Amino acid sequence: MFGRDPWGGALEISNADSATDDDRSRNLQDYDRAALSRQLDETQQSWLLAAPGDPSGKKKKRYVDLGCVVVSRKLFLWTVGSVLGIGLLVGFIMLIIKTVPHHHRPSPPPDEYTQALHKALMFFNAQRCKHSLSSSPSPQHNNVSWRGNSGMKDGLSDDSVKKNLVGGYYDAGDAIKFNFPMSFAMTMLSWSVIEYSAKYEAAGELDHVKNIIKWGTDYLLKTFNSSADNIDRIVAQVGQGDTSKGPGPNDHYCWVRPEDIDYPRPVYECHSCSDLAGEMAAALAAASIVFKDSKTYSEKLAHGARTLFKYGRDQRGRYSPGGSDPSLFYNSTGYWDEFVWGGAWLYFATGNASYLQLATAPGLAKHAGAFWGGPDYGVFSWDNKLAGSQVLLSRLRLFLSPGYPYEEILMTFHNQTGNIMCSYLPYFKSFNRTKAFLASVYSDYLDAADTPGWYCGPNFYSTDVLRDFAKTQIDYILGNNPQKMSYVVGYSKRYPKHVHHRGASIPKNGVKYSCKGGWKWRDTKKPNPNTIVGAMVAGPDRHDGFKDVRTNYNYTEPTLAGNAGLVAALVSLSGVTTGIDKNTIFSAVPPMFPTPPPPPSAWKP
């Protein structure tokens, strides 16, 4: 049997039972001498010589095994203690920082365009038919305490119509609802929201402007059978303004608050009005994109737009024939531009290529005046939508480039848009109307398409030139003009105080003035008792002259269409330059090219 020598050697133990005790003793002594004669290493010597508690012996170091490394226990404890101490110190400092009061640097004030935007939107609150306060999205927009319920019998009081036409917007300083310019105003506001929703959101005005649009589109849906696929009439106007047939109470002859109207308000219907139908279709189609997240309402708007456009194409004619009340105030010169405009918006709203085919038909463009000049060429207004259509369809070419069969006319529109932009430059004196929104939005289109500018003849101009032009136009309106006056009421310190507006000029004092009894408020030289914040008045003449006189509407009357263009321009210039929303307008547009076939299946031997 073999045992283990505790000093490291092998030990053989005899199991012979005959061995005597003396023999065992002698053998052990031999083994002890052999063991003691061996050379011991340092560790073994320390075991023998250093007894427990012997101060002369060496103290064994202790270690901590961390898995990946072995460290001294003393070093480990020192490190852990240091980390905990530093952590406690940092936590204590953070606690002091959070508990001690400190002041945040206030955010910078909004830029001048954002400030003006807040006010320009308030004008629409003052123009509401029905009630102006209860439907406002938040108290900050309740700026018209001097308004109340009005037009509550519109449509119902006309025996020839007998339909509910309550709602919508009064056009200007009167209480007439002209559906043609009202529709254009809603289209413009929707276009601006589609392009600049992020800017509206940053300004805290997105819900407000959407509420303004919905108030208008809800009313437009009442003016025809919006649930039908085919219609034969549209309401064109509520109220009457013609005073040429002698004195008689109507919206222009009388000067009373809308809340106090007691005279008849006739309803004008049209049975062949392609221009009105086309503009209303554009308004509802554009709004359907704005409200695309509200699926039911968006589809209702798109369906109404399709119905209107079909009616306009089938029943050709102008909504304002000679001698009619609409022809005296908002006379339409043609309907071909509305076909291009409405067709473009319907394509974006539905993705139906038949609308794009119509909007890009060369014959339609020719009738709309795309290939000839004239005094109104390049003018974008409630009557002429060709310039806006060309900018809108240039957007399609810049970002989707649909190619054949649309490319030829789209390229023509794109080139013509460039020519129109050239006319805005100070080097060319072709026009004297404000084109701020078109210039600003087109410069943003070019920037988003990574296009640094465009050519005017041999000269290249950067997009900054267009944006600067837009700023000069808006700056003029806001006070940088020879009169040193802001033409937006409530903006800056000096603005018109005698606005041609019935509701603003008559005090809300509990007195109901008669048709002629309100004339004293029209003719007084005193400032309006009510400030119609955000209203952009008609403005100066071509020589920069301006008269702040209530009785001269050519200077001091605001309009829906004018303010809608102002709002669109202001939001495009407001805040930091974030550019346009490239994709929302294309949300319903299908891929421009056929989907490629799937790859063939894997080859099998």
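About the thresholds
- Residues numbered from 1 in each chain as written.
- Predicted model: local features only at pLDDT ≥ 70, side-chain atom pairs only at ≥ 80, totals over all residues.
- Heavy atoms only, no water.
- Helix = DSSP H or I, 4+ residues; strand = E, 2+ residues; numbered from the N terminus.
- Contact = heavy atoms within 4.5 Å.
- UniProt positions renumbered as here; feature names shortened; annotations may be inferred.
- Buried < 20%, exposed > 50% of the residue type's maximum accessible area, 1.4 Å probe, protein only.
- Polar contact = N/O pair within 3.5 Å; in protein donor to acceptor, adjacent residues only side chain to side chain.
- Pairing = 2+ DSSP bridges.
- Expected span 1.5 Å × (residues − 1).
- Disulfide = S-S within 2.5 Å.
- pLDDT = per-residue confidence, 0-100.
- Phe/Tyr/Trp six-rings, centres within 6.5 Å; stacked < 30°, edge-to-face > 60°.
- Lys NZ or Arg CZ within 6 Å of the ring centre and 35° of its normal.
- Patch = residues over 30% accessible without salt bridge, like charges linked within 9 Å, V, L, I, M, F, W, Y side chains within 5 Å.
- Areas by Shrake-Rupley, 256 points an atom, 1.4 Å probe, with all protein chains shown as cover.
- Salt bridge = Lys/Arg side-chain N within 4 Å of Asp/Glu carboxyl O.
- Axes fitted to C-alpha atoms, helices over the stretch in contact; angles between N-to-C directions.
- Parallel < 35°, antiparallel > 145°, perpendicular 65-115°, else oblique.
- Left-handed = near helix turned anticlockwise from the far one by under 90°.
- Nonpolar A, V, L, I, M, F, W, Y, C, P; charged D, E, K, R; others polar.

## Regarding the side chain of T114
Inspection of the secondary structure assignment puts T114 in helix α4 (residues 112-126). Ignoring sequence-local partners within four residues, the contact set of T114 consists of A203, S574 and G575.

## Topic: the UniProt feature "active site" (unreviewed entry) in the chain
Per the UniProt entry, the sites bearing "active site" (unreviewed entry) are H500, D548 and E557 in this numbering. Maximum C-alpha separation among the annotated residues is 10.2 Å over a sequence range of 58 residues, consistent with a single clustered spot. Of note, H500 is situated in the loop between α16 (463-478) and α17 (502-505). Setting aside its immediate chain neighbours within four residues, H500 contacts G173, W255, R550, T551, Y553, T556, E557 and P558. Within the secondary structure, D548 is located in the loop between α18 (519-523) and α19 (553-556). With relative accessibility at 23%, the residue D548 sits in the partly exposed group. For D548, the residues in contact, after removing those within four places along its chain, are Y495, P496, K497, H498 and T556. A polar contact is formed between the side chain of D548 and the backbone nitrogen of K497, at a distance of 2.9 Å.

## Digging into the pairing of strand β8 (residues 453-456)
Inspection of the sheet shows β8 paired to strand β9 (residues 459-462) by 4 bridges, in the antiparallel sense. Within β9, the position partnered with G453 by the bridge is S462. The antiparallel hairpin formed by β8 and β9 contains 2 residues in its connecting segment, where G457 sits at a positive phi of about 65 degrees.

## A closer look at helix α20 (residues 560-573)
For α20, spanning 14 residues, the distance from its first C-alpha to its last is 20 Å, which sits close to the expected 20 Å at 1.5 Å a residue. Burial analysis of α20 places 12 of its 14 residues in the buried class, which makes it a mostly covered element. By the burial criterion, the buried members of α20 are L560, A561, N563, A564, L566, V567, A568, A569, L570, V571, S572 and L573. Elements in contact with the buried residues of α20: α4, α5 (179-203), α15 (436-448) and α16. If you check the start of α20, you find a side-chain oxygen 3.1 Å away from the backbone N of G562, and it comes from T559.

## A word on the sheet that holds strand β7 (residues 267-270)
Reading across from one edge, β5-β6-β7 is the order of the 3 strands in this open sheet, with antiparallel pairing throughout. Single-partner strands in this sheet number two, and they are β5 (177-178) and β7. Where β5 lies against strand β6 (residues 234-238), 2 bridges are found, and the strand directions are antiparallel. In the sheet register, F178 faces β6, and the bridge partner there is Q237.

## Comments concerning the state of the cysteines
In a disulfide, the sulfur atoms of two cysteines are covalently bonded to one another. Applying the stated criterion to the full structure yields 3 disulfides. Disulfide pairing places C254 opposite C515 at an S-S distance of 2.0 Å. Note on the C254 and C515 pair: the S-S dihedral is about -95 degrees, so by sign convention the disulfide is left-handed. Linking C254 in the loop between β6 and β7 with C515 in the loop between α17 and α18, this pair joins segments that are 261 residues apart in sequence. Taken in sequence order, the bonded cysteines of the chain link in the pattern 1-6, 2-3, 4-5.

## Description of the confidence of the model for the chain
When pLDDT drops low, the exact placement of atoms in the prediction is not to be read closely. Summary statistics for the chain give a mean pLDDT of 86 and a share of 83% for residues scoring 70 or more. Long-range and interchain partners of residues 1-20, a stretch whose pLDDT sits below 50, account for 20 contacts in this model, where long-range means more than four residues apart.

## Some thoughts on the packing of aromatic side chains
Evaluated as defined, the whole model comprises 32 aromatic pairs. Through pairs of rings, three or more aromatic residues link up here, namely F184, W191, W341, W345, Y347, F348, F380, F437 and F586. Positioned over the ring face of W215 is R128, at 4.3 Å from the centre of the ring.

## Observations regarding a nonpolar patch on the surface
A grouping of I86, L89, V90, I93, M94 and I97 is seen on the molecular surface, where their side chains present a nonpolar patch of about 550 Å² in accessible area. When its relative accessible area of 53% is taken as the criterion, I86 is described as exposed.

## Comments concerning the packing of helix α6 (residues 206-222) against helix α7 (residues 274-290)
With their axes 10 Å apart at the nearest point, α6 and α7 run at an angle of 135 degrees to one another. Judged by the angle between their axes, α6 and α7 are oblique. The handedness of the crossing between α6 and α7 is left-handed. Taking contact as the criterion, the partners of K210, I213, T217, L220 and L221 in α6 are, on α7, M280, A283, L284, A287 and V290. For the contact of α6 with α7, the residue count by class is 8 nonpolar, 1 polar and 1 charged.

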